[in-house]
Amino acid sequence: MIRAVIFWLHLAVAAAAGLVILMLAATGVVLSLQEVVTALADRRYVVAAPEGVERLPPEGLAGVAGFTATSLSYRSDPRAPVRVYEGRDRYARVNPYTGQVLATGPDGLERFFEGVHNWHRWFNVSGGSVRRARAVTGAVNVAFLFLLLTGPILWIPRPVTRRSLANATLLRPGARGAGRDLNWHQVVGIWSVLPLAVIAATGVITSYPAVGDRVYPMVGNTVSAGAWAVGSASGRVGFDEAAIPEDSAPVAEPDLRAVLATAEAWAPGWRTVILNLPRPADREVRVEVQGGRAGQPHRIGFLTVDAASGAARAWDSFADDSPAGRAQQFLRYAHTGEYWGLGGQLLAGLFSLTAALMVWTGLSLAVRRLRRFVSARREQRR
């Protein structure tokens, strides 16, 4: 009796949320490939790195973009162009040795992935509809989590024998029709239920701030702060307090080349350095230093540097965040697998593909059941 109730609840929830779950799974697969695809596309902008030739100073690169630059993004690969940004979205790829503008962005590929991302999170709507759309995707994540929790109850064979376990855990190549769909649905579900449950649960937490506010403090104490070896300990950096100019003192001309050199030397294994260009009255420059990928917050820090002298003032990293803050970032990027690097992201994409297969076979089984029901009713009326 209990099993029958669970089955009908499972079927009803799957029928109601299945198509949206399929969309989320499919877009999740595409997004997991974003970094690989864009990295391959960026190879067309590789520049020659002449031996003995230094890069142009940041001030020079900022002036060739044709707009008011707000930040510069450097890669550790000397052949990579520098991205000169205006805000967050508009940028130009610039040859760091010649100042030649190679391309402006975002390009069509980046806009495509941005559209997929918007579909994944809020059905690509805009304005006031975003909040309602996010509520829907959050509810669908809850529904998917329910399906993942009830599915194993239905997939465990009765009675449990070696043969029945093999049928539930191994693919049967010769199966056809409903038998094939059921076999794929069970096998894929059993082998991927745990990682998919993590993906769904983290999706629920990030979709509902009220849930996150309760979960983050509990998770925060279990998230490792990491140990990224950099030029100094986290927090305030030792320097001469007397060397700091008074607020009334005239602002010295910034030396962005020295600022950049300090940031690059601070973390020898850096991957990306983002130099935020100071305003005329700024005495300090904030530099983002990434030792890993963008989805690895434990490998990202922010260095505050004196604009005039290039001396390091402060270093803030993942370890300096509150436990709740670390938990929020961890769960956000655990959802996509990015927290564990490219391998984790690709695995998350693979499990998103298995989720799409589960939904497809589940809906196929539901349609077959509906057809049989309709046919039986027609036969009864004759």
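Residues numbered from 1 in each chain as written. Predicted model: local features only at pLDDT ≥ 70, side-chain atom pairs only at ≥ 80, totals over all residues. Heavy atoms only, no water.

**With respect to empty space enclosed by the protein**
Turning to step 1, where the next piece is worked out: Tallied over the full model, the rule gives one cavity of 30 Å³ or more.
Turning to step 2, where the next piece is worked out: Looking at the largest cavity, its volume works out to about 40 Å³.
Turning to step 3, where the next piece is worked out: Thr38, Ala41, Asp42, Arg44, Arg83, Arg93, Asp107, Leu109 and Glu110 together form the lining of the largest cavity.
Turning to step 4, where the next piece is worked out: At the level of elements, α2 (34–42) and α4 (108–122) are the ones that each hand at least two residues to the lining of the largest cavity.
Turning to step 5, where the next piece is worked out: Residue contributions to the lining of the largest cavity peak at three residues, all from α2. (1 Å grid on protein atoms, 1.4 Å probe; cavity = no way out; pocket = protein on both sides within 12 Å on 5 of 7 lines; lining within 4 Å. Points joined across faces, edges and corners; volume = space filled by probe spheres on them. Helix = DSSP H or I, 4+ residues; strand = E, 2+ residues; numbered from the N terminus.)

**A short note on the layout of surface pockets**
Turning to step 1, where the next piece is worked out: There is about 530 Å³ of room inside the second largest pocket.
Turning to step 2, where the next piece is worked out: For the second largest pocket, the lining is made up of 25 residues, of which Phe7, His10, His185, Gly362 and Leu365 are closest to its centre.
Turning to step 3, where the next piece is worked out: Its residues assigned to classes, the lining of the second largest pocket comprises 16 nonpolar, five polar and four charged. (Nonpolar A, V, L, I, M, F, W, Y, C, P; charged D, E, K, R; others polar.)

**Concerning the side chain of arginine 93**
Turning to step 1, where the next piece is worked out: By secondary structure assignment, the location of arginine 93 is in strand β3 (residues 90–94).
Turning to step 2, where the next piece is worked out: A polar contact is formed between the side chain of arginine 93 and the side chain of tyrosine 91, at a distance of 3.2 Å. (Polar contact = N/O pair within 3.5 Å; in protein donor to acceptor, adjacent residues only side chain to side chain.)

**Overview of the pairing of β3**
Turning to step 1, where the next piece is worked out: Of all the five residues making up β3, four are buried; the element is thus mostly covered by neighbouring parts of the structure.
Turning to step 2, where the next piece is worked out: Both strand β2 (residues 82–86) and β3 contribute to a ladder of five bridges, which runs antiparallel. Opposite arginine 83, over in β3, you have arginine 93 as the bridge partner.
Turning to step 3, where the next piece is worked out: Connecting β2 to the next strand, β3, in antiparallel fashion are three residues, including glycine 87 with a positive phi near 75°.
Turning to step 4, where the next piece is worked out: Note that β3 and strand β4 (residues 101–105) share four bridges and pair antiparallel. Residue pairing in the sheet places tyrosine 91 in a bridge with glycine 105 of β4.
Turning to step 5, where the next piece is worked out: Counting the residues that bridge the hairpin from β3 to β4 gives six residues, and of these glycine 99 lies at a positive phi of roughly 80°. (Buried < 20%, exposed > 50% of the residue type's maximum accessible area, 1.4 Å probe, protein only. Pairing = 2+ DSSP bridges.)

**Some words on the pattern of salt bridges**
Turning to step 1, where the next piece is worked out: In the structure shown here, the tally under the stated rule is 14 salt bridges.
Turning to step 2, where the next piece is worked out: When the shortest N-O distance is used, the salt bridge between glutamate 54 and arginine 257 registers 3.5 Å. Of this pair, glutamate 54 sits in the loop between α2 and α3 (58–63) while arginine 257 sits in helix α9 (residues 256–266), and the two are 203 residues apart along the sequence.
Turning to step 3, where the next piece is worked out: A salt bridge links arginine 279 to aspartate 282, with the shortest nitrogen-to-oxygen separation between them at 3.4 Å.
Turning to step 4, where the next piece is worked out: You can call arginine 279 exposed: its relative accessible area is 61%.
Turning to step 5, where the next piece is worked out: Assessed through its relative accessible area of 22%, aspartate 282 is described here as partly exposed.
Turning to step 6, where the next piece is worked out: Residues joined in a network through salt bridges with shared partners are Asp42, Arg83, Arg93 and Glu110. (Salt bridge = Lys/Arg side-chain N within 4 Å of Asp/Glu carboxyl O.)

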